[in-house]
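What follows is each chain in one-letter form.
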Amino acid sequence: MKVSVITVAFNSEAYIGETIESVLAQSYENLEYWIIEGAGTDATVQKAESYKQAFAERGIPYHIVSEPDDGIYDAMNKGIGRINGEITGILNSGDVYKPETVSMAVKAFRETDCELLFGDVEICAGNKVCTVKKARQRKVFQTSRDWNHPTMFVKSSLYKEYPFQNLGIHDDYGFYLKMRKQKRRIVTISQVMASFRLGGMSN
């Protein structure tokens, strides 16, 4: 299975390197990586471009798009419109994958024939103190407290069929709820798959 990873960024020079390095460090090799940058004013693009040779050496297609957008979900949709993988993960600038994250996701897709999955996430404050937020699915009264966007992987065809509506900061959770309502095959992984940095758009 080919996996596409998308990172959206805007004036993220300080943190995007950690995000990119976490994708570069993946044990799974059949992937492509897209950086969708919103034409910011800092050196985010230059920082991203400094990794081109490293990705080339690993044989991982690496693409950087820098242009104005209409917000974070418009940027995500731009990435989704370009991807070639069967499965897609969206990892925002400042967040990082664990080295085995993509391998875990592919294994789960193969073994369960799921259409969407997510796992546990570390939530980290600026002082590097992290707490683990568990991945859960409840039969009733599902809330975002049980769902972790940085660890979510989705069949790319679903993202293409149901693009983000760009209605507010919870569009990604709205997509997940729509998939639940449609009774899509969803699984959770009881392992930490990513670290989420407090202080971004979600705050």
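Up top is the structure these notes are about.
Asks: Can you tell me about the overall build of the protein, naming the residues and giving the values?
Replies: A tally of helices and strands in the protein yields seven helices and nine strands. For a compact globule of 203 residues, the expected C-alpha radius of gyration is about 17 Å, and the protein comes in at 16 Å, within 12% of that figure. Its C-alpha atoms give the protein principal-axis dimensions of roughly 45 × 35 × 35 Å. Within the protein, buried positions represent 49% of all 203 residues.

Asks: Now, about the packing of aromatic side chains: what can you tell me, with residues and values included?
Replies: If you walk through the whole model with that rule in mind, you get twelve aromatic pairs. With 5.7 Å between their ring centres and 40° between their planes, Tyr33 and Phe55 make a pair best called tilted. Taken as a pair, Tyr33 in strand S2 (residues 31–37) and Phe55 in helix H3 (residues 52–58) lie far apart in primary sequence, 22 residues in all. Note on Tyr33: relative accessible area 0%, which makes it buried. Given the relative accessible area of 0%, Phe55 is considered buried.

Asks: Outline the state of the cysteines, supporting the account with residue identities and numerical values.
Replies: If you walk through the whole model with that rule in mind, you get one disulfide. Through a disulfide, Cys124 is tied to Cys130; the S-S separation comes to 2.1 Å. Measuring handedness by torsion sign, the sulfur bridge of Cys124 and Cys130 sits at about 105° and is right-handed. Its relative accessible area of 35% is what places Cys130 among the partly exposed residues.

Asks: Report on the environment of Gln46, specifying residues and quantitative values.
Replies: Take Gln46: it is sitting in helix H2 (residues 44–49). Separated by 33 residues in the primary sequence, Gln46 and Glu13 have C-alpha atoms spaced 8.6 Å apart.

Analysis parameters
- Residues numbered from 1 in each chain as written.
- Predicted model: local features only at pLDDT ≥ 70, side-chain atom pairs only at ≥ 80, totals over all residues.
- Heavy atoms only, no water.
- Helix = DSSP H or I, 4+ residues; strand = E, 2+ residues; numbered from the N terminus.
- Rg over C-alpha atoms; globule rule 2.2 N^0.38 Å.
- Buried < 20%, exposed > 50% of the residue type's maximum accessible area, 1.4 Å probe, protein only.
- Phe/Tyr/Trp six-rings, centres within 6.5 Å; stacked < 30°, edge-to-face > 60°.
- Disulfide = S-S within 2.5 Å.

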